[in-house]
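Residue-level listing of the chains:
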Amino acid sequence: MTALTTFRFDDRDVPYRPGQSVGAALTACDIRSWRTTPREGRPRGLFCGIGICYDCLVTVDGMPNQRACLVLAADGMRVTTQEGVGER
Amino acid sequence: MTGADVVVVGAGPAGLACAVTAVRHGLTVDLVDAGWAVGGQYWRHPAPVEGADGAGAVTAGEVAHLHHDLPTYRALCSRLEEAVAAGRARTFLGHEVWTVGRRDGGWEVAATQRRAAGGRHAPGGGELRVAAPALVVATGAYDTSLPFRGWDLPGVMTAGGLQALLKGHAVAAGRRVAVAGSGPFLLPVAVGLAESGAEVVGVYEANPPTRWGRHLPAVARNVAKLAEGAEYAAALARHRIPLRTGRMVVEALGTDRVEAVTVARLDATGRPRPDGRTTVAVDAVGVGWGFTPVVDLAVTAGCATTRTDDGRHVVAETEGRTSVEGVYTAGETTGVGGAALALAEGERTAYSVLADRTGHDPDAARLRHLDRRIAALRSFAAAMAQAHAVPAGWVDATAAETLVCRCEEVPRAAVDHALRDREARDARQVKQLTRAGMGWCQGRVCEAGCRALVADRIGRPDRSAATERLVAMPVRMRDLLGTP
């Protein structure tokens, strides 16, 4: 099916279906990580998928530490890779 | 309606059954759940999107094939909707409960609201407080994880995470997926992925089926479970999914994401054998070692906990009553046993609430039926826990540099150092010395691994108390203060 709705992830548009989380839409686009860890700078993405593990933290509309598995995608939303603890 | 008779936290099978039963017998109910649709993780459904924003949305019909016993779910949903329409129940979906406390002789739950579909209001867009004389904690369970080499690579998930992507979002986590760990839950996950177009390279079940041989009486009491197992076995065959027992994933390989997994055979003592390992290319892998009950709110309320045979903390209860007056529980919080048991317990607990609140003597025949059913299903759950135990040699799948705590990036070597050189005696002291369990997830993910690692190293079970999480979810101060 044609996805008409998109959000922005870093420098690209990511299609999503209404009702999908940011993490699900990124996964459907074969994007697996959107955060680097504070100590080792390692990439992280979805792990538990249900809001328990906080591994999928991401910056949404400028606000860091949002769980990508729970935040529902919205048209025009700006999602950016979160570096470390996400403090600006 | 101001102030219900009962507030139920969790709208999975247990919470739903409890709420609907309570309403049917004249009580009013507030039902609070973090999800956007009722059903919990078992009956997880896509977030409903209404109106013009809903074009192209993921529909419940689309994911119906992934579900089991949907008629029961639909019946519960329609009875709940009737109760809401009649002003006998209120539902607060998209609300994460972060604590509970005493209030006016009863109990109050505090929750923050999540961002709605298409909604622009900030996360934590509102704080909810509801109070009632009776509190039912039906908060379910999540996947139990154990560390292994490379498990922090993106694309490595829990088995439940794979399932949540399918049921909640109609997304397969990868094109070539491995499913591993132990327990019957791995089977529907694998079948769901295959039905959604993914290639499932294998289901790697650590335990041999012969472990069920010791538990035939429990199986005989639960014929429906046997039929369910046969159904999934047939589905695996239909999709040509290889089921490999006595094997575990000992390493995830890749640089910035998982590209392959190494699978080892386990010897008779449950140790991964060094010979005959195979490496299989995958772009996602889901591992699950059963489930960990979510007991945080009950612990905060002061309820006594006990341990199951496999060392997991559960809420101590009798007929749904906890050790604290006015606090009840049902479902996986009393010990993981699956949806059928959760449904029976939810209904049973509603009758206990009813008896305590109104003195009303519930239907004695129905209670006898429920108690028999609960006993039978618990015997099956106990057998399942033993037949699908974590293999003794799981630690061999870790290396010194393998992260034990993903949040705080604590390697196994740091835990070993705390035990060997810093005289830590249990998992609690290891946590204080290493920060394992002090990150964002508050030890939910690493607690099982930390406890099992400590047990492995000290040669006896770790006996430290259940973790107290007085704030069950991270809450932003500005949400509590109501400022933007």
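Note that this is a predicted model, so its numbers are computed, not measured. (Residues numbered from 1 in each chain as written. Chains lettered and ligands numbered in written order. Predicted model: local features only at pLDDT ≥ 70, side-chain atom pairs only at ≥ 80, totals over all residues. Heavy atoms only, no water.)

A.B. asks: Lay out the UniProt feature "domain: BFD-like [2Fe-2S]-binding" (unreviewed entry) in chain B in plain terms, naming residues and giving numbers.
C.D. replies: Residues annotated by UniProt as "domain: BFD-like [2Fe-2S]-binding" (unreviewed entry) correspond here to residues 403–454 of chain B. End-to-end, the C-alpha atoms of residues 403–454 of chain B are 15 Å apart, and along that stretch the chain is 48% helix and 10% strand. (UniProt positions renumbered as here; feature names shortened; annotations may be inferred. Helix = DSSP H or I, 4+ residues; strand = E, 2+ residues; numbered from the N terminus.)

A.B. asks: Describe in detail the interface of chain B and chain A, supporting the description with residues and values.
C.D. replies: Each side of the interface is counted separately: chain B has 59 residues, and chain A has 44 residues. A buried area of about 4,100 Å², summed over both sides, lies between chain B and chain A, and 54% of it is on carbon and sulfur atoms. The three residues of chain B that bury the most area against chain A are R115(B), E409(B) and W440(B), which together make up 15% of that side's buried surface. Notably, a salt bridge pairs D55(A) with R406(B), separated by 2.5 Å at the nearest N-O pair. (Contact = heavy atoms within 4.5 Å. Buried area = accessible area lost by both parts, 1.4 Å probe. Salt bridge = Lys/Arg side-chain N within 4 Å of Asp/Glu carboxyl O.)

A.B. asks: Help me get a handle on empty space enclosed by the protein, residues and values and all.
C.D. replies: Residue and element names in this part refer to chain B. A complete count under the given rule lists 7 cavities of 30 Å³ or more for this structure. As a volume, the largest cavity reaches approximately 190 Å³. Those elements giving two or more residues to the lining of the largest cavity turn out to be α11 (427–434) and α12 (447–458). With 4 residues, the single largest contributor to the lining of the largest cavity is α11. Its residues assigned to classes, the lining of the largest cavity shows 6 nonpolar, 5 polar and 5 charged. Roughly 70 Å³ of volume is contained in the second largest cavity. Along its surface, the second largest cavity is lined by L146, P147, F148, A180, G181, M248, V249, V287, W289, W394 and A397. Elements with a contribution of two residues or more to the lining of the second largest cavity: β10 (176–182), β13 (247–253) and β16 (284–289). A per-class count over the lining of the second largest cavity returns 10 nonpolar, 1 polar and no charged. (1 Å grid on protein atoms, 1.4 Å probe; cavity = no way out; pocket = protein on both sides within 12 Å on 5 of 7 lines; lining within 4 Å. Points joined across faces, edges and corners; volume = space filled by probe spheres on them. Nonpolar A, V, L, I, M, F, W, Y, C, P; charged D, E, K, R; others polar.)

A.B. asks: Tell me about the side chain of T322(B), and name the residues and values.
C.D. replies: In this fold, T322(B) is placed in the loop between β19 (313–315) and β20 (327–329). Each residue touching T322(B), except ones within four places of it in the same chain, is listed here: C303(B), V315(B), A316(B), E317(B), V327(B), Y328(B) and T329(B).

A.B. asks: Account for the sheet that holds strand β7 (residues 134–137) of chain B, naming residues and giving values.
C.D. replies: All names here are of chain B. Taken in spatial order, the 5 strands line up as β3-β2-β1-β7-β20 in an open sheet, and their pairing is parallel. At either end of the open sheet lies a strand with only one pairing partner, and these are β3 (89–92) and β20. With direction set aside, neighbouring strand axes in the sheet form an average angle of 20°. As paired elements, strand β2 (residues 29–32) and β3 share 4 bridges and run parallel to each other. Pairing of D30 across the sheet is with R90, part of β3. Across the sheet, helix α1 (residues 13–24) is in contact with β1 (6–9), β2, β3 and β7; its angle to β2 comes to roughly 165°. (Pairing = 2+ DSSP bridges. Axes fitted to C-alpha atoms, helices over the stretch in contact; angles between N-to-C directions.)

A.B. asks: An account of the packing of aromatic side chains is needed here, citing residue identities and associated values.
C.D. replies: Under the counting rule described, the total for this entry stands at 7 aromatic pairs over all chains. Centre to centre, the rings of F185(B) and F291(B) are 5.1 Å apart; their planes meet at 70°, and the pair counts as edge-to-face. Of this pair, F185(B) sits in the loop between β10 and α4 (186–195) while F291(B) is found in strand β17 (residues 291–293), placing the two residues 106 residues apart along the sequence. Classification of F185(B) by relative accessible area gives partly exposed; the value is 24%. Connected via pairs of aromatic rings, a cluster forms that spans Y42(B), W43(B) and Y73(B). Here R406(B) stacks its cationic end above the ring of F47(A), 3.7 Å away from the centre of that ring. (Phe/Tyr/Trp six-rings, centres within 6.5 Å; stacked < 30°, edge-to-face > 60°. Buried < 20%, exposed > 50% of the residue type's maximum accessible area, 1.4 Å probe, protein only. Lys NZ or Arg CZ within 6 Å of the ring centre and 35° of its normal.)

A.B. asks: Before we move on, could you go through the environment of L216(B) and cite the residues and values that matter?
C.D. replies: All names here are of chain B. With respect to the helices and strands, the residue L216 is situated in helix α5 (residues 216–220). Residue classification places L216 among the exposed residues on the basis of a relative accessible area of 55%. As a C-alpha pair, L216 and L165 span 51 residues in sequence and 35 Å in three-dimensional space.

A.B. asks: Give me the state of the cysteines: which residues, what numbers.
C.D. replies: Following the criterion strictly, the structure yields 0 disulfides over all chains and no others. C56(A) supplies the cysteine sulfur nearest to C29(A), a cysteine that is in no disulfide, at a spacing of 16 Å. C407(B) supplies the cysteine sulfur nearest to C441(B), a cysteine that is in no disulfide, at a spacing of 3.8 Å. (Disulfide = S-S within 2.5 Å.)

A.B. asks: Mind laying out unusual backbone geometry, listing which residues take part and the relevant values?
C.D. replies: All names here are of chain A. Its identity is not glycine, yet Y54 carries a phi of approximately 60°, on the positive side. Residue position: Y54 is located in the loop between β4 (43–44) and β5 (57–60). Phi is positive for N65, which is not a glycine, with a value near 65°. Along the polypeptide, N65 turns up in strand β6 (residues 63–67). Overall, the relative accessible area of 18% leaves N65 in the buried class.

A.B. asks: Describe the pattern of salt bridges, naming the residues involved and giving the relevant values.
C.D. replies: Residues and elements named next belong to chain B. What the rule picks out here adds up to 37 salt bridges over all chains. D296 is paired through a salt bridge with R444; the nearest N and O atoms lie 2.8 Å apart. A residue pair is termed long-range when its members are at least 10 positions apart, and D296 in helix α7 (residues 296–300) and R444 in the loop between α11 and α12 qualify at 148 residues. Per residue, the accessibility class of D296 equals that of R444, and both read buried. Note that R378 and E345 form a salt bridge whose closest N and O atoms lie 2.8 Å from each other. Of this pair, R378 sits in helix α9 (residues 364–387) while E345 is found in helix α8 (residues 339–358), placing the two residues 33 residues apart along the sequence.

A.B. asks: Report on the packing of α8(B) against α9(B), specifying residues and quantitative values.
C.D. replies: Residue and element names in this part refer to chain B. For the pair α8 and α9, the least separation of the axes is 9 Å and the interaxial angle reads 145°. For the element pair α8 and α9, the recorded crossing hand is left-handed. Every residue of α9 that contacts α8 at A340, L341, A344, E345, E347, R348 and Y351 is listed here: R366, L367, L370, D371, R373, I374, L377 and R378. Among the residues making up the contact of α8 with α9, the classes are represented as 8 nonpolar, no polar and 7 charged. (Left-handed = near helix turned anticlockwise from the far one by under 90°.)

A.B. asks: Can you explain the domain arrangement of chain B? Please cite residues and give values.
C.D. replies: Residues and elements named next belong to chain B. Examined at the domain level, chain B breaks down into domain 1 (6–142 + 291–362), domain 2 (147–288) and domain 3 (398–458). Here the C-alpha centroids of domain 1 and domain 2 sit 29 Å apart. Contact with domain 1, which involves 16 residues of that partner, is made by 14 residues of domain 2. Summed over both sides, the interface of domain 1 with domain 2 buries roughly 1,100 Å², with 57% coming from carbon and sulfur. On the surface where domain 1 and domain 2 come into contact, there are 0 salt bridges. Linking domain 1 to domain 2 there are 2 residue pairs in polar contact (both at pLDDT 80 or more). Split into classes, the residues belonging to the side of domain 1 that touches domain 2 amount to 8 nonpolar, 6 polar and 2 charged. (Domains from an automatic or database assignment. Polar contact = N/O pair within 3.5 Å; in protein donor to acceptor, adjacent residues only side chain to side chain.)

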